[in-house]
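Observations on the model geometry
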Amino acid sequence: MTGTDTPREPAVRRGTRAGGTGAGATGPAVWSRDFALFFTARAVAALGDTMLPVALAAGLLEHGYGAGAVGGAMASSAAAFAALVVLGGVVADRFSTRRLMIGADLARLATQSLAAALFFTGHVVLWQVCAIGVVNGVAAAVFQPGVASTVPRLARDVQGANGAIRLAESGAQLAGPAVAGLLVGFSSPGWVFVAHAATYAVSALCLLLLRLPAAPEGRGTATGPRPVGTPAGRRPGAFRADLVQGWREFRARPWLWGVIAVWSLYMVAVWGPAVPLVATEVVGHHGPRAYGLVNSALGAGTVVGGLLALRLRPRRMLRAGAVALFVFFAFPAAVGAGLGVAAMAAGAAVAGAGISFWGVMWATSVQTQVPADVLNRIHAYDVAGSLAMMPVGRALAGPAAATLGADRVLLAAAAFSLVVPAVMLAVPAIRGLVRADARAPAS
């Protein structure tokens, strides 16, 4: 029997946080039948997403386009996603998140099938590839906000669920590019697009089979509490009012907007320039094989960070996550200092563990501290604020490296990577936030 969004248990009383009530008080903490379906959907989709850059690069270069065209094709999807994800959060709070996610997967199944047809026939036109990227970005903007509210509805142990999903994403980061490279090497880029389309088909099927419990009610909307009997998605109040309400809820939490404000600087000064400059430095001095080794070490580190996040249960999650972020210093510092490949790989592994552990602590904090009826909108603001500045950092990386030298820019990024967690730890609202289940009264 296919899943529905009808509740399988009594509704949670008003005001309950979105902290893992969906699995039921006596159900499995993480690995229920429904969470396994959701986990499979996320793991398979993540595998496909890590294959896409290889397919775009190989396919466009094969048809005579340059690096600028590859960057433009990738940017088309990212720009559409960043521009619309906040609106996607409002839509996700008004309608069935499961149906929206299935629709987004089916849309991307169609677009990637079309892309495969373009590359198989050899009629590859850049604007058509970019248009497909825009549609994919719109679909991702509709899909992504619903992820935040789905996890606590399926698992009582939200941190454990996020840790498991992080491990799946880390595994995809390791396997996806390798699988795509084999498909390109032994066949053609078109088959990578076929494989990518198939991952969305699997994701949509898993979500279709999902029995998603009803979301716990929160504190109402900008127009007041939802009247009894009014279905979600049809409640009174304008779309704009929901957007404003989401912003008010976001602004009312200093720990939330404080982290995102600092993280925006992190994107500009650390992560944005580190990704392209590490690639150019490692490949330029040690070759592509060394860069592959360093990337694999980074992926292995994220697996370790995910495992640590499954076992460690800090009372103040953001404080623990911020402490873990300090170790990211080792990655850009090792490359900027011109150390050997082994040292750079070790730095990448340590950095991957730190960033992965932080990611689980942050995602769990958002999902368990924010009321369910605004969680999708809050998550959308989180995603938009966190990612909006990354293109700025990448755009500034080239001019900064040309002026100062890539090694000095990476050393500066390493130094700033120590400043960011220090600032977060200096903010009482961030370092003092107590995990939701530690504050909850005993049943």
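Everything numeric in this text was worked out from a predicted model, so none of it was measured. (Residues numbered from 1 in each chain as written. Predicted model: local features only at pLDDT ≥ 70, side-chain atom pairs only at ≥ 80, totals over all residues. Heavy atoms only, no water.)

1. What to know about the overall build of the protein chain
Heads up, the condition is: Segments assigned H or I by DSSP are reported as helices when at least four residues long, segments assigned E as strands when at least two residues long, and all are numbered from the N terminus. Categorising residues by exposure relies on relative accessible area from a 1.4 Å probe, with only protein chains included: less than 20% of the type maximum marks a residue as buried, more than 50% marks it as exposed, and the intermediate range marks it as partly exposed. The contact rule is simple, with two residues in contact once any of their heavy atoms fall within 4.5 Å. To measure how exposed things are, a 1.4 Å probe is used in the Shrake-Rupley method; for residues, cover is taken only from the protein chains shown.
Looking only at helices and strands, the protein chain has 17 helices and zero strands in total. For the protein chain, the residues scored as buried account for 49% of the 443 residues in total. Of all intrachain contacts in the protein chain linking residues separated by at least 6 positions in sequence, the fraction that spans at least 24 positions is 87%. When the accessible surface of the protein chain is split by element, carbon and sulfur atoms take 69% of a total near 18,600 Å².

2. As for the packing of helix H14 (residues 390–404) against helix H15 (residues 406–426)
Our working definition: Throughout, an axis means a line fitted to C-alpha atoms (over the contacting stretch in the case of helices), and angles, computed between N-to-C directions, take values from 0 to 180 degrees. Following the grouping adopted for this structure description, the nonpolar residues are Ala, Val, Leu, Ile, Met, Phe, Trp, Tyr, Cys and Pro, the charged ones are Asp, Glu, Lys and Arg, and the polar ones are all others, Gly among them.
Viewed as axis vectors pointing N to C, H14 and H15 meet at an angle of 115°, and their least axial separation amounts to 7 Å. Between H14 and H15, the residues in contact are Ala400, Ala401 and Leu404 and Ala406, Arg408 and Val409, respectively. Its residues placed into classes, the contact of H14 with H15 shows five nonpolar, no polar and one charged.

3. A few points about the environment of Leu310
Within the fold, Leu310 resides in helix H9 (residues 288–311). In the structure, Leu310 is positioned 150 residues away from Gly160 in sequence and 5.2 Å away in space, judged by C-alpha atoms. In this structure, Leu310 is in contact with Gly160, Gly163, Ala164 and Leu167, ignoring residues within four places of it in sequence.

4. Observations regarding the packing of helix H1 (residues 33–62) against helix H6 (residues 189–209)
A pair of packed helices is characterised by two quantities: the angle between their axes and the separation of those axes. Rules: Oblique is the label for any angle not under 35 degrees, not over 145, and not in the 65 to 115 range, which are roughly parallel, roughly antiparallel and roughly perpendicular in turn. Two helices crossing with the near one rotated counterclockwise from the far one by less than a right angle form a left-handed crossing, whereas a clockwise rotation gives a right-handed crossing.
Direction vectors running N to C along H1 and H6 enclose 160°, while the axes themselves pass 8 Å from each other. Taken together, the axes of H1 and H6 lie roughly antiparallel to each other. With respect to the hand of their crossing, H1 and H6 are arranged in left-handed fashion.

5. Quick look at the nonpolar core
Which entries qualify depends on this criterion: We call a set of buried residues a nonpolar core when its members are Ala, Val, Leu, Ile, Met, Phe, Trp, Tyr or Cys and they connect through side-chain atoms within 4.5 Å of each other.
Counting 56 residues, the largest nonpolar core has Tyr266, Phe331, Trp362 and Met424 as its most contacted members. With 12 residues, the single largest contributor to this core is helix H8 (residues 254–286). Excluding anything up to four places from it in sequence, Trp362 contacts Trp255, Leu256, Val259, Ile260, Leu318 and Asp382. With 22 residues, the next largest nonpolar core counts Val30, Met101, Val158 and Ala161 among its residues.

6. Points about the pattern of salt bridges
Quick reminder of the rule: Just to be clear on terms, a salt bridge is a Lys or Arg side-chain nitrogen sitting within 4 Å of an Asp or Glu carboxyl oxygen.
This model, assessed by the stated rule, comprises four salt bridges. A salt bridge links Arg33 to Asp34, with the nearest nitrogen and oxygen atoms 2.6 Å apart. By relative accessible area, Arg33 is classed as partly exposed at 37%. In this structure Asp34 comes out as buried when scored by relative accessible area, which is 3%. Salt-bridge contacts for Glu249 lead to Arg253; the nearest nitrogen and oxygen are separated by 2.8 Å.

7. Focus on helix H10 (residues 317–325)
Filter applied, for reference: Relevant arc is that of directions from the helix axis to the C-beta atoms, nothing else.
Looking only at H10, the buried set comprises Met317, Leu318, Gly321, Ala322, Ala324 and Leu325. Seen along its axis, H10 keeps its buried residues to an arc of 155°; they face one direction. As for H10, its buried residues are in contact with helix H5 (158–186), H8, helix H12 (341–369), H15 and helix H16 (428–431).

8. Some words on a nonpolar patch on the surface
The following threshold applies: Surface patches are drawn from residues lacking salt bridges whose relative accessible area is over 30%; two like charges belong together within 9 Å, two nonpolar side chains (Val, Leu, Ile, Met, Phe, Trp, Tyr) within 5 Å.
The grouping of Leu84, Leu87, Val134 and Val138 at the surface amounts to a nonpolar patch, some 250 Å² of accessible area in total. For the nonpolar patch, the secondary-structure elements that each account for two or more residues are helix H2 (67–94) and helix H4 (126–154). Structurally, Val138 can be placed in helix H4.

9. Quick notes on the confidence of the model for the protein chain
Low-pLDDT portions of the prediction should not be read for the details of their coordinates. This is how it is decided: By definition, pLDDT measures how confident the predictor is in each residue, and it falls between 0 and 100.
Chain-level pLDDT for the protein chain is 79 on average; 85% of the residues reach the 70-or-more range. Here helix H17 (residues 436–439) is the element of the protein chain with the lowest mean pLDDT, 70, and H10 is the one with the highest, 94. Within the model, pLDDT remains below 50 along residues 1–21, and this stretch shows 57 contacts once partners closer than five positions in the same chain are excluded. Here residues 218–236 scores under 50 on pLDDT; set against residues more than four positions off or in separate chains, the count is 38 contacts.

10. Some remarks on the packing of aromatic side chains
Convention followed: Two rings belonging to Phe, Tyr or Trp (six-membered ring only in the last case) form a pair when the distance between their centres is within 6.5 Å. Interplanar angles under 30 degrees mark stacking, angles over 60 mark edge-to-face geometry, and anything in between is tilted.
Here the structure, examined in full by the defined rule, presents 12 aromatic pairs. Consider the rings of Trp31 and Phe35, whose centres lie 5.1 Å apart with planes at 70°: the pair is edge-to-face. Following the ring pairs from residue to residue traces out a cluster consisting of Trp255, Trp263, Tyr266, Trp271, Phe328, Phe331, Trp358 and Trp362.

11. Considering the environment of Leu243
With respect to the helices, strands and loops of the structure, Leu243 is situated in helix H7 (residues 239–251). Assessed through its relative accessible area of 23%, Leu243 is described here as partly exposed. Sequence spacing of Leu243 and Val90 is 153 residues, and the spatial spacing of their C-alpha atoms is 6.1 Å. If we skip the residues at most four places from it in the chain, Leu243 touches Val86, Leu87, Val90 and Tyr381.

12. Comments concerning the environment of Pro421
Following the sequence through the fold, Pro421 ends up in helix H15. On the basis of relative accessible area, Pro421 is assigned to the buried category, the value being 0%. C-alpha separation for the pair Pro421 and Gly321, spaced 100 residues apart in sequence, amounts to 8.7 Å. Contacts of Pro421, omitting those with residues within four sequence positions, involve Ala322, Leu325 and Phe326.

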